[in-house]
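# Residue-level structure breakdown
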Amino acid sequence: MPVVAVIGAQWGDEGKGRIVDLLASRARLVIRYSGGNNAGHTVINDLGAFKLHLMPSGIFDANTVNVIGHGVVINPEVLIGEIDHLQSKGISTAKLFISDRAHIIMPYHILQDQLQEQSRGDSKIGTTGRGIGPAYADKMDRIGIRAGDLMHEETLLGRLRIVLEEKNRLLTKLYGAQAFSLHDVYLKYLDFGRRLADHITEIHPIVHRALEKDIPILMEGAQGTLLDVDHGTYPYVTSSSPGAAGVCQGSGIAPSHLNSVIGVYKAFVSRVGGGPFPTEVDGAEADALRQIGTPWAEVGTTTGRLRRVGWFDAVLARYAAQINGIDTVAITKLDVLDNLPSIKICVGYKLHDAALDYPPSTIAVLEQVEPIYEELPGWQTPTSDIRDFQALPEEAQAYVARLCQLIGARLGIVSVGPSRDQTVFVSDVF
Ligand code: IMP
């Protein structure tokens, strides 16, 4: 049985949540492997519309086991809020397991993230302000608090005593902020531990038993490849590894067990926060892509910020496919292009007099590239009710086929609207 990863192949917000939600019913184990509540997946299904930040999307299927892997950083307050909300809608969270190795986002991480951003002025990254960067930094610095620590009073107190002293020095001396009280933080997080006690566990046996029994496993990505701390547009990236390599590190599944990588690409490109964006558009072109006023407008699920938008960038798309081994493509939001008379695809970059077919690693250089566009005719016909690829207007089929040709992977899924059934399955994906 396959182990399939669904990963974001652009700058996040590609619509991974709905693809995972669709495929989760075919999986028996869904593992979220990286990121934190900087992610926001809007899932619209028969049970309603849900904004999930930490919960794996398989939670809507009562038969599916859901795991939050150790590559994730967890804000326990947010997770408890999601558990409570789902339970209030009659959705069981009994099969949610949280790796005891996953790191916890502490209140000082959130404050540190926000103060760091303020102090960066014009060169700020545009983080979500959720404490993601400082939490991952502490993990690497070996001063993090892990989910398992919340279950052991003495361990938690001992670790917090050391860390908080260091953090308070930083926050008060460097930023002039107020110190955190050891007593208050300890009691609050001990309580979070109690609330999550039924879920926090060693995930190794769960994951490896599933592999031994050939249970279908879906690996749920968050963020996107171009936000990857190594492969993305550094420093305008997040602090984790959202790509296929992060799947293994964040879950304990070996690379050789991964059978397929589905890359989710929006039919155009969007990005929130700062950083280079070669195909960015503004004005009327941007308005057409943003779909403001609709429930699926290009506004960040987590922060409510207006997303920057632009034409499909096949240079970045192919790069994402190459570093992740993407074999199957899911194209989302095709219907957003329904009214356009013509559609541009960036097929290469011009840098001074040279042509480039890969993105330069230095942002100062990436900022100088000029997109080379190919223009395809639009279809100017609604596609939202279409469920069969052959029934799509010829121009829409040609657009999607061209994207896949440029990406270098086969087409698996096309989505033509926000709800679960507005999906065209083109090949067997799971
Ligand atoms: P951080 O992850 O909050 O540190 O933010 C770093 C960068 O990643 C910022 O540009 C954020 O806007 C971006 N980012 C983080 N998570 C997401 C996401 O889920 N979707 C889109 N952008 C994200």
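Now for a description of the structure that goes with this document.

Procedures and definitions
Residue positions are counted from 1 within each chain, in the order its sequence is given. Confidence filtering applies because this is a predicted model: local features only for residues at pLDDT of at least 70, side-chain atom pairs given and counted only at 80 or more, and all residues used for totals across whole chains, interfaces and linings. Computation of side-chain values covers all heavy atoms of the structure but excludes hydrogens and water. Only heavy atoms are used to decide nearness, and a residue is near a molecule or strand if one of them lies within 4 Å of it. Two N or O atoms count as a polar contact when they lie within 3.5 Å, although within protein this holds only if one can serve as hydrogen donor and the other as acceptor, and sequence-adjacent residues are included solely when both atoms are side-chain atoms. Residues are sorted three ways: Asp, Glu, Lys and Arg are charged, Ala, Val, Leu, Ile, Met, Phe, Trp, Tyr, Cys and Pro are nonpolar, and all the rest, Gly among them, are polar. Note that the domain bounds reflect an automated or database-derived domain assignment. In this analysis an axis means a line fitted to C-alpha atoms, helices contributing only their contacting stretch, and an angle means the value between N-to-C directions, from 0 to 180 degrees. Under the scheme used here, helices are H or I runs from DSSP no shorter than 4 residues and strands are E runs no shorter than 2 residues, and both carry numbers assigned from the N terminus. Take the far helix as the reference: if the near one is turned anticlockwise from it by less than a right angle, the crossing is left-handed, and if turned clockwise, right-handed. The contact criterion used is simple: two residues touch if any of their non-hydrogen atoms lie within 4.5 Å. Put simply, a nonpolar core is a bunch of buried Ala, Val, Leu, Ile, Met, Phe, Trp, Tyr and Cys residues held in one set by side-chain atoms that sit within 4.5 Å of each other. Throughout this description, buried means an accessible area under 20% of the type-specific maximum (1.4 Å probe, protein chains only), exposed means over 50%, and partly exposed covers the range between.

## With respect to the site of the ligand
- Around the ligand, 17 residues are found, and the nearest of them are Asp13, Asn38, Thr128, Thr238 and Arg305.
- Measuring from an oxygen atom of the ligand, one finds a backbone N or O atom of valine 272 at 3.3 Å.
- Taken together, the residues that form the shell around the ligand break down as seven nonpolar, eight polar and two charged.
- Formed jointly, the shell around the ligand draws a minimum of three residues from each of two domains, domain 1 (1–99 + 202–430) and domain 2 (103–195).

## Looking at the packing of helix H2 (residues 76–88) against helix H6 (residues 182–196)
- At a closest axis distance of 10 Å, the pairing of H2 and H6 adopts a crossing angle of 35°. Considering only the axes of H2 and H6, their crossing is left-handed. For the pair H2 and H6, contact is made by Pro76, Glu77, Leu79, Ile80, Ile83 and Asp84 and by Lys188, Tyr189, Phe192, Arg195 and Leu196, respectively.
- A breakdown of the residues in the contact of H2 with H6 according to their chemical character gives seven nonpolar, no polar and four charged.

## Examining the nonpolar core
- One finds Met219, Tyr265, Leu334 and Tyr399 to be the most contacted residues of the largest nonpolar core, which totals 58 residues.
- When residues of this core are assigned to their parent elements, the largest contribution, seven residues, is made by helix H12 (residues 394–407).
- Those residues in contact with leucine 334 that sit more than four places away from it in its chain are Ala267, Trp379, Leu392, Ala396, Tyr399, Val400, Val414, Ser415 and Val416.
- Ile59, Ile68, Ala102 and Tyr186 belong to the second largest nonpolar core, which has 39 residues in total.

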